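Working through the structure, step by step
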Amino acid sequence: SKIAGELDPTTRALLDPVLEKWARPGMNNPSDPDSPAGDAEQTGIDREQLAAAAARDTRTAGQRNHDALTAMLRSVLSSGALGAHRGLPATTIITMTLNQLEKAAGGVATTATGGLLPIADALKLAEQSHPVLALFDHRGRPLHLGRKSRLASANQRLALIAADAGCTRPGCAAPPTRCAVHHVRDWQHGGVTDIENLTLACDACHA
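This structure is a prediction, so every number in the text was calculated from the model and none was measured.

**Observations concerning the confidence of the model for the protein**
Confidence in the prediction of the protein, expressed as mean pLDDT, is 83, and 88% of residues score 70 or more. No element of the protein has a lower mean pLDDT than strand β2 (residues 88-89), which averages 66, and none a higher one than helix α2 (residues 47-56), which averages 93. Every residue in residues 135-141 is under pLDDT 50, and counting partners more than four places away or in other chains gives 15 contacts.

As structure tokens, then:
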């Protein structure tokens, strides 16, 4: 994805010292398995290992900044500091088919923000993830809450992200991260919180 823009002086002043540490030569290099990860000044960094990684580092400054940003995003997402978003932990959600998973190839996976990700990259991200199998026969997961709860469960939202991939109102392309779980038959009119009666609708369409 191409990104272009300008930073105001305050943001630049905040960014520079962060990149000095996270984008330092030898740090956070995805092409070097022995490259230290995280902040170059953090406790536990082996200085000899960092020096050796820096000597092998052929990345440009722009590439090091890119890899530092990736490492920072991983750190923030794994820290739990972002809390929850629409009932799920704020994290990267990637959906692929079982066939793609088994073959480790075959097109692209989708993200809950509407993005596309090559299968190889998706599997690399998944190495340290918690995989979820979405079963659509409704027997392997608690997807039926009836009238016990008006709000959909986290499991139901995950299943809808995999099944609907975004707002289901015709003509709307909003991704799941911008959607609420909608009762097809309204809750106030006796609708149940069962997977067959649930779909995704963005905030505008839901209203």
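This is not the end of the story, as more comes after the structure.
**Describing the sheet that holds strand β5 (residues 116-118)**
Pairing within the open sheet is antiparallel, and its three strands lie in the order β3-β4-β5. The open sheet terminates on both sides in strands that have one partner only, identified here as β3 (94-95) and β5. In this sheet, strand β4 (residues 108-111) lies alongside β3 in antiparallel orientation, the contact comprising two bridges. What sits directly across from isoleucine 94, in β4, is threonine 111.

**What about the nonpolar core?**
One finds Ala159, Leu160, Cys167, Ala174, Cys179, Val181, Ile195, Leu198, Leu200 and Cys202 forming the largest nonpolar core, which totals ten residues. Elements represented by at least two residues in this core include exactly α6 (154-164), β6 (179-183) and β7 (198-202). Take this core: its biggest share by element is three residues, from β7. Discounting residues that sit within four places of it in the chain, cysteine 167 has contacts with Cys172, Ala174, Cys179, Leu200, Ala201, Cys202 and Cys205. Judged by nonpolar contacts, the second largest core, of six residues, contains Leu19, Ala23, Ala71 and Met72.

**A look at the pattern of salt bridges**
With the rule as written, the count across this model stands at six salt bridges. The partner of arginine 24 in a salt bridge is glutamate 41, with the nearest N and O atoms 3.1 Å apart. Here arginine 24, found in the loop between α1 (9-22) and α2, pairs with glutamate 41, found in the loop between α1 and α2; they are 17 residues apart in sequence, far enough to count as distant. With a relative accessible area of 33%, arginine 24 lands in the partly exposed category. Classification of glutamate 41 by relative accessible area gives partly exposed; the value is 46%.

**So, the environment of glutamate 41**
In this structure the C-alpha to C-alpha distance between glutamate 41 and tryptophan 22, which are 19 residues apart in sequence, comes to 8.9 Å. Apart from the residues within four sequence positions on either side, glutamate 41 is in contact with Lys21, Arg24 and Arg47. A polar side-chain atom of glutamate 41 sits 3.1 Å from a polar atom in the side chain of arginine 24.

**Some thoughts on the environment of glycine 191**
For glycine 191, the position within the fold is in the loop between β6 and β7. Residue class for glycine 191 comes out buried when judged on its relative accessible area of 1%. With near-sequence residues (within four places) excluded, glycine 191 lies in contact with Arg147, His183, Arg185, Asp186 and Asn197.

Rules used in this analysis
Residues numbered from 1 in each chain as written. Predicted model: local features only at pLDDT ≥ 70, side-chain atom pairs only at ≥ 80, totals over all residues. Heavy atoms only, no water. pLDDT = per-residue confidence, 0-100. Helix = DSSP H or I, 4+ residues; strand = E, 2+ residues; numbered from the N terminus. Contact = heavy atoms within 4.5 Å. Pairing = 2+ DSSP bridges. Core = buried A, V, L, I, M, F, W, Y, C linked by side-chain atoms within 4.5 Å. Buried < 20%, exposed > 50% of the residue type's maximum accessible area, 1.4 Å probe, protein only. Salt bridge = Lys/Arg side-chain N within 4 Å of Asp/Glu carboxyl O. Polar contact = N/O pair within 3.5 Å; in protein donor to acceptor, adjacent residues only side chain to side chain.

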